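Listed below are the residues making up each chain.
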Amino acid sequence: LTTVVNGNCGLSVAPVGEKFREEIAGFLSSVTGEVRQGQADVMSTMSSYLAALSKEKRSVNTGMLAGNGTIRAGVKGYAPGKLSDEEMHQVWNALEESLAAGALGVSLGVAYAPEFEYDRDGLAQALQPLKGTGIPITTHVRHEGDGILLALQEVISVAEELQIPLHVSHLKCIGQKNWGDTPVKILQLFDQAAERGVKVDFDLYPYLTGSTQLVHLLPPQFQEGGTDAICARLADPACRKEITKVLQQPSDIFENIVELAGFERIYASTLHTQQFGSYAGQSISAIAKQLGKDPYDTLYDILLAERCQVTMLDTIASEEDMLYFLKDSRANLISDAIYPAGGKYHPRVYGAFPKLLTDYVRDRNVFSIEEAVYKMTAKPAAVLGLNRGILQKGMPADINVFHLDKLQIHADFQNPDQYCTGFDYVLVGGEIAVEKDQYRNSKSGVLQRRSGN
(Lines give C-alpha, C1' and ligand atoms only; values in the text may rest on other atoms or scores of the structure.)
Protein backbone atom coordinates (compact mmCIF):
# COMPACT_ATOMS: atom_id res chain seq x y z
CA LEU A 1 0.00 0.00 0.00
CA THR A 2 1.24 3.48 -0.82
CA THR A 3 -1.77 5.48 0.39
CA VAL A 4 -4.26 4.75 3.18
CA VAL A 5 -7.41 6.65 4.13
CA ASN A 6 -8.61 6.27 7.71
CA GLY A 7 -11.81 7.05 9.57
CA ASN A 8 -14.38 4.99 7.68
CA CYS A 9 -17.85 3.91 8.89
CA GLY A 10 -18.36 7.06 10.96
CA LEU A 11 -15.66 5.92 13.40
CA SER A 12 -12.80 8.40 12.93
CA VAL A 13 -10.51 9.20 15.87
CA ALA A 14 -11.10 12.93 15.32
CA PRO A 15 -12.82 15.28 15.96
CA VAL A 16 -13.89 14.05 19.41
CA GLY A 17 -14.31 17.50 20.98
CA GLU A 18 -13.56 18.02 24.65
CA LYS A 19 -16.54 16.90 26.73
CA PHE A 20 -16.85 13.26 25.64
CA ARG A 21 -13.39 12.46 24.30
CA GLU A 22 -12.52 9.86 26.95
CA GLU A 23 -15.85 8.13 26.41
CA ILE A 24 -15.31 8.11 22.63
CA ALA A 25 -11.75 6.82 23.01
CA GLY A 26 -13.09 3.97 25.14
CA PHE A 27 -15.78 3.14 22.60
CA LEU A 28 -13.25 3.04 19.75
CA SER A 29 -10.60 1.15 21.70
CA SER A 30 -11.54 -2.28 20.33
CA VAL A 31 -10.40 -1.11 16.89
CA THR A 32 -7.76 1.49 17.80
CA GLY A 33 -6.21 0.08 20.94
CA GLU A 34 -6.09 2.03 24.17
CA VAL A 35 -5.47 5.75 23.76
CA ARG A 36 -2.21 6.62 25.52
CA GLN A 37 -1.57 9.59 27.75
CA GLY A 38 -1.54 12.78 25.72
CA GLN A 39 -2.99 11.27 22.56
CA ALA A 40 -6.56 12.36 23.32
CA ASP A 41 -5.44 16.00 23.23
CA VAL A 42 -4.71 15.90 19.50
CA MET A 43 -8.00 14.10 18.77
CA SER A 44 -10.18 17.05 19.79
CA THR A 45 -10.28 18.63 16.33
CA MET A 46 -9.43 17.40 12.86
CA SER A 47 -6.89 20.19 12.42
CA SER A 48 -5.02 19.22 15.60
CA TYR A 49 -5.06 15.57 14.60
CA LEU A 50 -3.82 16.22 11.06
CA ALA A 51 -1.13 18.56 12.41
CA ALA A 52 0.12 15.76 14.68
CA LEU A 53 -0.15 13.22 11.87
CA SER A 54 1.88 15.43 9.54
CA LYS A 55 4.79 15.25 12.00
CA GLU A 56 4.84 11.44 11.91
CA LYS A 57 7.33 10.26 9.31
CA ARG A 58 5.75 7.26 7.60
CA SER A 59 6.29 5.27 4.44
CA VAL A 60 2.66 5.64 3.34
CA ASN A 61 0.60 8.64 2.32
CA THR A 62 -2.27 9.13 4.78
CA GLY A 63 -5.65 10.84 4.48
CA MET A 64 -8.62 11.14 6.83
CA LEU A 65 -12.38 10.98 6.61
CA ALA A 66 -14.40 12.83 9.24
CA GLY A 67 -16.60 10.28 11.02
CA ASN A 68 -20.20 11.41 11.31
CA GLY A 69 -20.68 9.16 14.35
CA THR A 70 -17.63 10.54 16.11
CA ILE A 71 -18.79 14.09 15.41
CA ARG A 72 -22.19 13.39 16.95
CA ALA A 73 -20.60 11.63 19.94
CA GLY A 74 -18.38 14.67 20.47
CA VAL A 75 -21.50 16.78 20.90
CA LYS A 76 -23.95 14.47 22.71
CA GLY A 77 -21.93 11.41 23.70
CA TYR A 78 -23.81 8.17 23.23
CA ALA A 79 -27.08 9.46 24.65
CA PRO A 80 -30.27 8.67 22.72
CA GLY A 81 -32.65 11.14 21.17
CA LYS A 82 -32.69 13.92 18.64
CA LEU A 83 -30.19 16.75 18.77
CA SER A 84 -31.31 20.13 20.03
CA ASP A 85 -30.86 23.13 17.77
CA GLU A 86 -27.74 24.09 19.73
CA GLU A 87 -26.30 20.58 19.45
CA MET A 88 -27.00 20.51 15.71
CA HIS A 89 -25.06 23.75 15.30
CA GLN A 90 -22.16 22.18 17.23
CA VAL A 91 -22.27 19.21 14.82
CA TRP A 92 -22.15 21.61 11.87
CA ASN A 93 -19.22 23.50 13.41
CA ALA A 94 -17.24 20.27 13.93
CA LEU A 95 -18.03 19.13 10.40
CA GLU A 96 -17.02 22.45 8.88
CA GLU A 97 -13.81 22.50 10.94
CA SER A 98 -12.92 19.00 9.70
CA LEU A 99 -13.50 19.94 6.07
CA ALA A 100 -11.52 23.16 6.43
CA ALA A 101 -8.66 21.13 7.94
CA GLY A 102 -8.55 18.93 4.86
CA ALA A 103 -10.68 15.85 5.54
CA LEU A 104 -11.21 14.02 2.24
CA GLY A 105 -14.90 13.42 2.90
CA VAL A 106 -17.38 12.45 5.58
CA SER A 107 -17.90 8.84 6.57
CA LEU A 108 -21.16 7.48 7.89
CA GLY A 109 -21.86 4.42 10.03
CA VAL A 110 -25.62 4.64 10.25
CA ALA A 111 -25.80 1.11 11.68
CA TYR A 112 -23.55 2.04 14.62
CA ALA A 113 -23.90 3.95 17.88
CA PRO A 114 -24.54 6.81 18.21
CA GLU A 115 -25.29 7.50 14.55
CA PHE A 116 -28.29 5.17 14.42
CA GLU A 117 -30.08 7.80 16.51
CA TYR A 118 -30.48 9.85 13.32
CA ASP A 119 -33.54 9.15 11.21
CA ARG A 120 -33.33 9.94 7.51
CA ASP A 121 -34.21 13.63 7.93
CA GLY A 122 -31.93 14.00 10.93
CA LEU A 123 -29.08 12.58 8.90
CA ALA A 124 -29.70 15.01 6.06
CA GLN A 125 -29.87 17.88 8.54
CA ALA A 126 -26.60 16.90 10.23
CA LEU A 127 -24.85 16.87 6.84
CA GLN A 128 -26.18 20.24 5.66
CA PRO A 129 -22.70 21.86 5.50
CA LEU A 130 -21.92 19.48 2.62
CA LYS A 131 -24.76 20.71 0.43
CA GLY A 132 -23.62 21.45 -3.11
CA THR A 133 -19.92 21.10 -2.23
CA GLY A 134 -19.16 17.98 -4.26
CA ILE A 135 -17.52 16.46 -1.16
CA PRO A 136 -18.44 12.76 -0.93
CA ILE A 137 -20.07 10.83 1.86
CA THR A 138 -18.82 7.26 2.31
CA THR A 139 -21.38 5.21 4.15
CA HIS A 140 -21.84 1.97 5.99
CA VAL A 141 -25.60 1.77 5.46
CA ARG A 142 -28.17 1.12 8.17
CA HIS A 143 -28.75 -2.48 7.09
CA GLU A 144 -26.78 -4.90 4.89
CA GLY A 145 -29.23 -7.79 5.30
CA ASP A 146 -33.00 -7.95 4.95
CA GLY A 147 -33.39 -4.17 4.84
CA ILE A 148 -30.52 -3.30 2.52
CA LEU A 149 -32.66 -1.90 -0.30
CA LEU A 150 -34.44 0.48 2.08
CA ALA A 151 -31.12 1.40 3.66
CA LEU A 152 -29.60 2.24 0.28
CA GLN A 153 -32.66 4.26 -0.72
CA GLU A 154 -32.20 6.26 2.49
CA VAL A 155 -28.61 7.32 1.77
CA ILE A 156 -29.30 7.86 -1.94
CA SER A 157 -32.11 10.25 -1.03
CA VAL A 158 -29.83 12.12 1.39
CA ALA A 159 -27.10 12.47 -1.26
CA GLU A 160 -29.71 13.60 -3.80
CA GLU A 161 -31.11 16.23 -1.46
CA LEU A 162 -27.64 17.56 -0.65
CA GLN A 163 -26.42 17.30 -4.26
CA ILE A 164 -23.24 15.44 -3.28
CA PRO A 165 -21.58 12.18 -4.39
CA LEU A 166 -22.41 8.97 -2.53
CA HIS A 167 -19.90 6.18 -1.99
CA VAL A 168 -21.27 2.98 -0.37
CA SER A 169 -18.74 1.22 1.83
CA HIS A 170 -17.99 -2.54 1.71
CA LEU A 171 -21.10 -3.40 -0.30
CA LYS A 172 -22.47 -6.87 0.44
CA CYS A 173 -25.71 -8.75 1.09
CA ILE A 174 -25.71 -10.50 4.45
CA GLY A 175 -27.57 -13.80 4.77
CA GLN A 176 -28.12 -16.49 2.15
CA LYS A 177 -31.76 -15.48 1.68
CA ASN A 178 -30.50 -12.13 0.35
CA TRP A 179 -27.99 -13.51 -2.16
CA GLY A 180 -28.50 -13.62 -5.92
CA ASP A 181 -31.50 -11.42 -6.69
CA THR A 182 -30.83 -8.59 -4.25
CA PRO A 183 -27.49 -7.54 -5.83
CA VAL A 184 -29.25 -7.12 -9.17
CA LYS A 185 -31.84 -4.87 -7.52
CA ILE A 186 -29.07 -2.88 -5.82
CA LEU A 187 -27.30 -2.03 -9.06
CA GLN A 188 -30.67 -1.12 -10.58
CA LEU A 189 -31.14 1.34 -7.69
CA PHE A 190 -27.76 2.88 -8.50
CA ASP A 191 -28.66 3.10 -12.21
CA GLN A 192 -31.92 4.88 -11.37
CA ALA A 193 -30.07 7.29 -9.06
CA ALA A 194 -27.57 8.06 -11.81
CA GLU A 195 -30.43 8.88 -14.19
CA ARG A 196 -31.55 11.51 -11.66
CA GLY A 197 -28.04 12.96 -11.49
CA VAL A 198 -26.84 11.31 -8.28
CA LYS A 199 -23.24 10.08 -8.50
CA VAL A 200 -23.02 6.69 -6.77
CA ASP A 201 -19.90 4.56 -6.37
CA PHE A 202 -19.08 1.73 -4.00
CA ASP A 203 -16.27 -0.45 -2.71
CA LEU A 204 -15.79 -3.97 -1.36
CA TYR A 205 -13.10 -6.32 -0.12
CA PRO A 206 -12.33 -9.73 -1.71
CA TYR A 207 -13.34 -11.85 1.29
CA LEU A 208 -16.63 -13.41 2.39
CA THR A 209 -15.87 -12.67 6.03
CA GLY A 210 -16.16 -9.20 7.51
CA SER A 211 -14.86 -7.62 10.70
CA THR A 212 -16.15 -5.05 13.15
CA GLN A 213 -16.83 -4.54 16.87
CA LEU A 214 -18.58 -7.44 18.62
CA VAL A 215 -20.85 -5.02 20.46
CA HIS A 216 -22.56 -4.23 17.15
CA LEU A 217 -24.34 -7.57 17.39
CA LEU A 218 -26.61 -5.99 20.00
CA PRO A 219 -29.82 -4.30 18.83
CA PRO A 220 -29.40 -0.50 18.64
CA GLN A 221 -31.59 0.29 21.63
CA PHE A 222 -29.30 -1.80 23.84
CA GLN A 223 -26.16 0.04 22.65
CA GLU A 224 -27.36 3.46 23.79
CA GLY A 225 -25.49 5.41 26.45
CA GLY A 226 -21.94 4.19 25.89
CA THR A 227 -19.89 1.40 27.44
CA ASP A 228 -21.02 1.77 31.06
CA ALA A 229 -24.70 1.71 30.12
CA ILE A 230 -24.22 -1.30 27.82
CA CYS A 231 -22.39 -3.24 30.53
CA ALA A 232 -25.09 -2.45 33.07
CA ARG A 233 -27.69 -3.95 30.73
CA LEU A 234 -25.57 -7.03 30.09
CA ALA A 235 -25.30 -7.61 33.85
CA ASP A 236 -29.11 -7.61 34.17
CA PRO A 237 -30.67 -11.08 33.58
CA ALA A 238 -34.02 -9.55 32.62
CA CYS A 239 -32.38 -7.28 30.05
CA ARG A 240 -30.46 -10.24 28.63
CA LYS A 241 -33.75 -12.01 28.00
CA GLU A 242 -35.05 -8.95 26.15
CA ILE A 243 -31.94 -8.80 23.97
CA THR A 244 -32.14 -12.52 23.17
CA LYS A 245 -35.79 -12.21 22.20
CA VAL A 246 -34.92 -9.47 19.68
CA LEU A 247 -31.88 -11.30 18.29
CA GLN A 248 -33.87 -14.47 17.63
CA GLN A 249 -36.16 -12.67 15.17
CA PRO A 250 -35.46 -11.45 11.60
CA SER A 251 -35.33 -7.67 11.27
CA ASP A 252 -35.39 -5.09 8.52
CA ILE A 253 -34.97 -2.34 11.12
CA PHE A 254 -31.43 -3.20 12.21
CA GLU A 255 -28.72 -5.51 10.91
CA ASN A 256 -29.35 -8.69 12.92
CA ILE A 257 -26.12 -10.54 12.12
CA VAL A 258 -26.88 -13.18 14.76
CA GLU A 259 -30.03 -14.22 12.90
CA LEU A 260 -28.54 -13.74 9.42
CA ALA A 261 -25.23 -15.55 9.96
CA GLY A 262 -25.55 -17.63 13.13
CA PHE A 263 -23.17 -17.92 16.07
CA GLU A 264 -21.17 -20.61 14.30
CA ARG A 265 -20.04 -17.99 11.76
CA ILE A 266 -19.31 -15.20 14.27
CA TYR A 267 -15.80 -15.27 15.75
CA ALA A 268 -14.42 -13.30 18.71
CA SER A 269 -11.11 -12.12 17.30
CA THR A 270 -9.74 -9.82 19.99
CA LEU A 271 -10.00 -10.90 23.63
CA HIS A 272 -7.88 -9.41 26.42
CA THR A 273 -9.04 -10.87 29.75
CA GLN A 274 -7.64 -13.95 31.48
CA GLN A 275 -11.15 -15.38 31.47
CA PHE A 276 -11.59 -15.33 27.69
CA GLY A 277 -8.18 -14.52 26.12
CA SER A 278 -7.43 -18.13 25.19
CA TYR A 279 -10.59 -18.30 23.05
CA ALA A 280 -9.49 -15.60 20.58
CA GLY A 281 -10.29 -16.59 17.00
CA GLN A 282 -12.99 -19.11 17.93
CA SER A 283 -16.67 -18.84 17.07
CA ILE A 284 -19.19 -17.85 19.72
CA SER A 285 -20.89 -21.24 19.34
CA ALA A 286 -17.57 -23.09 19.84
CA ILE A 287 -16.75 -21.02 22.93
CA ALA A 288 -20.25 -21.62 24.30
CA LYS A 289 -19.92 -25.38 23.77
CA GLN A 290 -16.62 -25.52 25.65
CA LEU A 291 -18.08 -23.51 28.52
CA GLY A 292 -21.31 -25.50 28.57
CA LYS A 293 -23.33 -22.31 28.13
CA ASP A 294 -26.02 -20.90 25.87
CA PRO A 295 -24.37 -18.96 22.98
CA TYR A 296 -26.43 -15.85 23.74
CA ASP A 297 -25.23 -15.78 27.35
CA THR A 298 -21.71 -16.49 26.13
CA LEU A 299 -21.89 -13.41 23.89
CA TYR A 300 -23.12 -11.25 26.77
CA ASP A 301 -20.52 -12.70 29.20
CA ILE A 302 -17.69 -11.91 26.75
CA LEU A 303 -18.87 -8.35 26.13
CA LEU A 304 -19.32 -7.73 29.87
CA ALA A 305 -15.97 -9.21 30.92
CA GLU A 306 -14.12 -7.39 28.15
CA ARG A 307 -16.09 -4.15 28.61
CA CYS A 308 -17.07 -4.36 24.93
CA GLN A 309 -13.44 -4.01 23.76
CA VAL A 310 -13.77 -6.96 21.40
CA THR A 311 -13.57 -7.22 17.63
CA MET A 312 -15.23 -9.97 15.65
CA LEU A 313 -15.03 -11.75 12.32
CA ASP A 314 -18.29 -12.79 10.66
CA THR A 315 -18.71 -14.96 7.57
CA ILE A 316 -21.68 -13.41 5.85
CA ALA A 317 -21.36 -12.99 2.07
CA SER A 318 -21.48 -14.86 -1.26
CA GLU A 319 -18.55 -15.05 -3.68
CA GLU A 320 -20.93 -14.83 -6.65
CA ASP A 321 -22.36 -11.59 -5.25
CA MET A 322 -18.90 -10.24 -4.49
CA LEU A 323 -17.68 -10.78 -8.05
CA TYR A 324 -20.95 -9.46 -9.52
CA PHE A 325 -20.45 -6.21 -7.61
CA LEU A 326 -16.72 -5.98 -8.27
CA LYS A 327 -17.17 -6.33 -12.04
CA ASP A 328 -19.33 -3.19 -12.07
CA SER A 329 -17.58 -0.08 -13.39
CA ARG A 330 -18.50 1.85 -10.22
CA ALA A 331 -16.67 -0.57 -7.91
CA ASN A 332 -13.24 -0.27 -6.37
CA LEU A 333 -11.31 -2.48 -3.98
CA ILE A 334 -10.65 -1.72 -0.30
CA SER A 335 -9.13 -3.60 2.60
CA ASP A 336 -11.62 -2.17 5.16
CA ALA A 337 -8.87 -3.14 7.59
CA ILE A 338 -9.03 -2.50 11.31
CA TYR A 339 -6.06 -2.99 13.60
CA PRO A 340 -7.28 -4.21 16.98
CA ALA A 341 -4.84 -4.32 19.87
CA GLY A 342 -4.08 -8.02 20.33
CA GLY A 343 -6.01 -11.07 19.21
CA LYS A 344 -6.27 -12.18 15.61
CA TYR A 345 -6.46 -9.77 12.71
CA HIS A 346 -8.55 -10.35 9.64
CA PRO A 347 -6.17 -11.54 6.88
CA ARG A 348 -7.41 -8.67 4.69
CA VAL A 349 -5.07 -6.44 6.74
CA TYR A 350 -2.20 -8.17 4.93
CA GLY A 351 -3.75 -9.63 1.80
CA ALA A 352 -6.72 -7.73 0.37
CA PHE A 353 -5.01 -6.16 -2.63
CA PRO A 354 -2.65 -8.97 -3.65
CA LYS A 355 -5.58 -11.41 -3.30
CA LEU A 356 -7.40 -9.74 -6.17
CA LEU A 357 -4.28 -10.13 -8.31
CA THR A 358 -3.47 -13.73 -7.36
CA ASP A 359 -6.93 -15.29 -7.03
CA TYR A 360 -8.99 -13.38 -9.58
CA VAL A 361 -6.45 -12.21 -12.17
CA ARG A 362 -3.68 -14.82 -12.32
CA ASP A 363 -5.42 -18.00 -11.16
CA ARG A 364 -9.01 -17.60 -12.36
CA ASN A 365 -8.87 -14.92 -15.08
CA VAL A 366 -11.93 -13.12 -13.73
CA PHE A 367 -10.30 -9.72 -14.35
CA SER A 368 -7.49 -8.51 -16.56
CA ILE A 369 -4.54 -7.10 -14.68
CA GLU A 370 -5.38 -3.66 -16.07
CA GLU A 371 -8.92 -3.85 -14.67
CA ALA A 372 -7.68 -5.00 -11.28
CA VAL A 373 -4.97 -2.36 -10.99
CA TYR A 374 -7.46 0.37 -11.99
CA LYS A 375 -9.85 -0.74 -9.23
CA MET A 376 -7.01 -0.47 -6.70
CA THR A 377 -5.48 2.81 -7.82
CA ALA A 378 -7.07 5.37 -10.14
CA LYS A 379 -10.66 4.52 -9.28
CA PRO A 380 -10.51 4.96 -5.48
CA ALA A 381 -8.25 8.02 -5.90
CA ALA A 382 -10.88 9.62 -8.14
CA VAL A 383 -13.67 8.90 -5.63
CA LEU A 384 -11.86 10.87 -2.93
CA GLY A 385 -10.38 13.53 -5.20
CA LEU A 386 -6.78 12.41 -4.72
CA ASN A 387 -4.26 13.39 -7.40
CA ARG A 388 -2.76 9.90 -7.43
CA GLY A 389 -3.23 6.44 -8.84
CA ILE A 390 -2.11 7.04 -12.44
CA LEU A 391 1.33 6.19 -13.82
CA GLN A 392 2.27 9.14 -15.99
CA LYS A 393 4.69 12.02 -16.13
CA GLY A 394 4.08 14.67 -13.51
CA MET A 395 2.17 12.38 -11.12
CA PRO A 396 3.50 11.35 -7.68
CA ALA A 397 5.76 8.30 -8.07
CA ASP A 398 3.81 5.81 -5.94
CA ILE A 399 4.73 2.62 -7.79
CA ASN A 400 4.59 -1.15 -7.23
CA VAL A 401 6.97 -3.33 -9.25
CA PHE A 402 6.28 -7.08 -9.28
CA HIS A 403 5.95 -10.19 -11.40
CA LEU A 404 2.37 -11.45 -11.18
CA ASP A 405 3.44 -15.09 -11.13
CA LYS A 406 5.66 -14.47 -8.09
CA LEU A 407 3.03 -12.87 -5.85
CA GLN A 408 2.10 -15.03 -2.85
CA ILE A 409 -0.38 -14.45 -0.02
CA HIS A 410 0.56 -16.07 3.27
CA ALA A 411 -2.06 -14.57 5.61
CA ASP A 412 -5.07 -16.75 6.41
CA PHE A 413 -7.62 -16.85 9.22
CA GLN A 414 -5.53 -19.25 11.30
CA ASN A 415 -2.29 -17.27 10.89
CA PRO A 416 -3.22 -13.82 9.62
CA ASP A 417 -0.13 -11.84 10.66
CA GLN A 418 1.97 -12.67 7.62
CA TYR A 419 3.14 -10.34 4.87
CA CYS A 420 2.64 -11.10 1.20
CA THR A 421 5.74 -11.76 -0.87
CA GLY A 422 6.74 -11.17 -4.46
CA PHE A 423 7.20 -7.39 -4.46
CA ASP A 424 10.45 -6.35 -6.13
CA TYR A 425 9.97 -2.67 -5.29
CA VAL A 426 7.40 -0.40 -3.70
CA LEU A 427 8.09 3.31 -4.19
CA VAL A 428 6.31 6.07 -2.29
CA GLY A 429 6.92 9.57 -3.61
CA GLY A 430 9.83 8.24 -5.66
CA GLU A 431 11.57 6.75 -2.60
CA ILE A 432 11.99 2.99 -2.15
CA ALA A 433 9.84 1.79 0.76
CA VAL A 434 10.13 -1.96 0.02
CA GLU A 435 12.91 -3.75 -1.84
CA LYS A 436 12.77 -7.50 -2.55
CA ASP A 437 10.07 -7.89 0.12
CA GLN A 438 12.24 -6.12 2.71
CA TYR A 439 10.68 -3.09 4.37
CA ARG A 440 12.98 -0.07 4.19
CA ASN A 441 10.61 2.50 5.76
CA SER A 442 11.38 5.35 3.38
CA LYS A 443 9.45 7.86 5.52
CA SER A 444 8.49 9.55 2.25
CA GLY A 445 4.72 9.41 2.77
CA VAL A 446 2.85 12.71 2.92
CA LEU A 447 -0.40 13.84 4.45
CA GLN A 448 -3.28 13.85 1.97
CA ARG A 449 -5.70 16.74 2.33
CA ARG A 450 -8.71 17.59 0.22
CA SER A 451 -7.83 19.80 -2.73
CA GLY A 452 -7.75 23.44 -1.73
CA ASN A 453 -6.42 22.72 1.77
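Bear in mind the structure is a predicted one, so any value in this text is a computation, not a measurement.

S.K.: Can you walk me through the pattern of salt bridges in this structure?
M.R.: When charged atoms on two side chains of opposite charge get close, those side chains can pair. According to the stated counting rule, one finds 26 salt bridges in the structure shown. Between glutamate 160 and arginine 196 there is a salt bridge, with the nearest N and O atoms lying 3.0 Å from each other. You can see glutamate 160 sitting in helix H7 (residues 148–162) and its partner arginine 196 sitting in the loop between helix H8 (181–195) and strand E7 (200–204), a full 36 residues away along the chain. Aspartate 201 is paired through a salt bridge with lysine 379; the nearest N and O atoms lie 2.7 Å apart. Here lysine 379 lies in helix H17 (residues 378–383) and aspartate 201 lies in strand E7, a separation of 178 residues in the sequence. One exposure class covers both aspartate 201 and lysine 379, and it is buried.

S.K.: Just to check I follow, could you spell out the sheet that holds strand E12 (residues 399–402) for this structure?
M.R.: To summarise the sheet geometry, strands pair through backbone hydrogen bonds and adopt either a parallel or an antiparallel arrangement. The antiparallel open sheet is built from 4 strands, whose spatial order is E12-E13-E14-E15. The sheet is open, and its two edges are formed by E12 and strand E15 (438–439), each paired on a single side. In this structure, strand E13 (residues 423–428) lies alongside strand E14 (residues 431–435), joined through 4 bridges in antiparallel fashion. By the bridge assignment, leucine 427 is partnered in E14 with isoleucine 432.

S.K.: For this particular structure, what's the right way to read the environment of alanine 40?
M.R.: Topologically, alanine 40 is positioned in helix H2 (residues 39–42). Linking alanine 40 and leucine 123, residues 83 residues apart in sequence, is a C-alpha distance of 27 Å. Every residue in contact with alanine 40, bar those within four places of it in the chain, is listed here: Arg21 and Val35.

S.K.: How should I be thinking about the sheet that holds strand E9 (residues 266–268) in this particular structure?
M.R.: Spatially, 3 strands are ordered E8-E10-E9 in an open sheet, and the strand pairing comes out antiparallel. Of all strands in the sheet, those bounded by a partner on one side alone are strand E8 (209–213) and E9. Averaged over all pairs of adjacent strands, the angle between their axes in this sheet comes to 25°, without regard to strand direction. The sheet contact formed by E9 and strand E10 (residues 311–315) spans 3 bridges and is antiparallel. By the bridge assignment for E10, alanine 268 is matched with methionine 312. Contacts from helix H1 (residues 21–32) reach E8 and E10 within the one sheet, and its direction differs from that of E8 by about 150°.

S.K.: What is the right way to read the packing of aromatic side chains from this model?
M.R.: The relative placement of two aromatic rings is captured by the distance of their centres and the angle of their planes. The full count for this structure, using the stated rule, is 10 aromatic pairs. Seen in terms of ring centroids, phenylalanine 402 and phenylalanine 423 are 6.0 Å apart; in terms of plane orientation they differ by 65°. Their pairing is edge-to-face. Of this pair, phenylalanine 402 sits in strand E12 while phenylalanine 423 is found in strand E13, placing the two residues 21 residues apart along the sequence. A relative accessible area of 15% places phenylalanine 423 in the buried class. Through a chain of ring-to-ring contacts, three or more aromatic side chains come together here, namely Phe190, Phe202, Tyr324 and Phe325. Sitting over the ring of tyrosine 205, arginine 348 keeps its end group 4.6 Å from the ring centre. One residue, lysine 355, lies across the ring of tyrosine 207, its end atom 5.1 Å from the ring centre.

Cut-off values and rules
- Numbers given to residues run from 1 along each chain, matching the order in which its sequence is written.
- Selection of residues for local features in this predicted model requires a pLDDT of at least 70, selection of side-chain atom pairs for listing and counting requires 80 or more, and totals for whole chains, interfaces and linings are taken over all residues.
- As a convention, hydrogens and water are excluded, and side-chain values are obtained from all of the structure's heavy atoms.
- What counts as a salt bridge is simple: a side-chain nitrogen of Lys or Arg found within 4 Å of a carboxyl oxygen of Asp or Glu.
- Strands are runs of DSSP state E lasting at least 2 residues, helices are runs of H or I lasting at least 4, and numbering of each runs from the N terminus.
- Between buried and exposed lies partly exposed: a residue is buried under 20% and exposed over 50% of the maximum accessible area for its type, with that area taken using a 1.4 Å probe on protein chains only.
- At least two DSSP bridges between two strands are required for those strands to pair.
- In this analysis, two residues are considered to be in contact whenever any of their non-hydrogen atoms come within 4.5 Å of each other.
- Orientation is described by lines fitted to C-alpha atoms, with helices fitted over the stretch in contact, and by angles between N-to-C directions that extend from 0 to 180 degrees.
- Within 6.5 Å between ring centres, the rings of Phe, Tyr and Trp (the latter by its six-membered ring) count as paired, and their orientation is classed by plane angle as stacked under 30 degrees, edge-to-face over 60, tilted in between.
- Any Lys NZ or Arg CZ found within 6 Å of a ring centre and within 35 degrees of that ring's normal is scored as a charge over the ring.

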